[in-house]
Amino acid sequence: RIIGQEQKFLIAAGLVSGTLTAARAAEQFSALAETLLRRLFVAVRAEFEKRHGRVPGARAALLGFGKMASREMTFTSDLDFILLYDGESSTMSDGERPLAASHYFTRLTQRLVAAVSAPTAEGVLYEADMRLRPSGNAGPLATSLAGFADYHRDSAWTWEHLALSRTRVVVAENGMAQSVEAAIEGQIAAPRDAAKTIADVTSMRALM
């Protein structure tokens, strides 16, 4: 948090003084957020594994959305991301307090969100926004890659498909980035009803 606040201040000072363009400042705010999120994920994962171990054969990735994904963050931007895991939901972790994969990665996500957004004496690092996960706030905090692909193929709204067009994998384990990107590319390239898409986009723009 101390490093994050200091670096945010320095970037903002460069923007106000004119030594940084708005576009360059946005790139720096985004790079800072991505770096801090990666470090926090590693630290939270290591701490979590002390009690719950690891899920054999499972991999995890953080998929960024919105301004972090497109490198357009500002001083006050929150972090839009979801956690995806690849593995059997029923497989148990190998720690002293084992958890099934679905519960394991949900709990891990809760720990990460707390690490990012919990208020401390140094303030809040970032607000975390996970509403873009499948089924929104009603959905689980962590989603299997297969479940993510099924949801976007069968149930997602047009605006959720549009959100995929600017996603970016910001953390990935053991080559999972390629698997996530392949699932997203497959959905974006899938045939769709052009008239319905245009109508949905027009409606969204009007609402905005």
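Look up a bit, the structure's there.
Quick notes on the rules
- Residues numbered from 1 in each chain as written.
- Predicted model: local features only at pLDDT ≥ 70, side-chain atom pairs only at ≥ 80, totals over all residues.
- Heavy atoms only, no water.
- Core = buried A, V, L, I, M, F, W, Y, C linked by side-chain atoms within 4.5 Å.
- Buried < 20%, exposed > 50% of the residue type's maximum accessible area, 1.4 Å probe, protein only.
- Contact = heavy atoms within 4.5 Å.
- Phe/Tyr/Trp six-rings, centres within 6.5 Å; stacked < 30°, edge-to-face > 60°.
- Helix = DSSP H or I, 4+ residues; strand = E, 2+ residues; numbered from the N terminus.
- Lys NZ or Arg CZ within 6 Å of the ring centre and 35° of its normal.

Q: What should I look at first to understand the nonpolar core in this one?
A: Counting 37 residues, the largest nonpolar core has Leu37, Leu62, Leu79, Phe81, Phe105 and Tyr126 as the members making the most contacts within it. Ignoring anything within four residues of it in the chain, the contact list for Leu79 reads Ala33, Leu37, Met68, Met73, Val116, Tyr126, Glu127, Ala128 and Asp129. Core analysis: the second largest hydrophobic core is formed by 14 residues, Ala61, Phe65, Leu164 and Ala177 among them.

Q: Looking at this structure, how should I read the packing of aromatic side chains?
A: By convention here, two paired aromatic rings are described through the distance between centres and the angle between planes. If you walk through the whole model with that rule in mind, you get four aromatic pairs. Relative to Phe75, the ring of Phe29 has its centre 6.2 Å away and its plane inclined at 85°; by these criteria the two rings are edge-to-face. Note that Phe29 is positioned in helix α2 (residues 22–52) and Phe75 in the loop between α3 (66–69) and β2 (79–86), a separation of 46 residues in sequence. Here Phe75 falls in the partly exposed class, since its relative accessible area comes to 40%. In textbook terms, an aromatic cluster arises when at least three aromatic residues are bridged by ring pairs, as seen for Phe48, Tyr85, Tyr104 and Phe105. In this structure, Lys8 is placed above the aromatic ring of Phe75, and the distance from its NZ or CZ to the ring centre is 6.0 Å. The residue whose ring lies beneath Lys8 is Tyr126, and the NZ or CZ to ring-centre distance is 4.1 Å.

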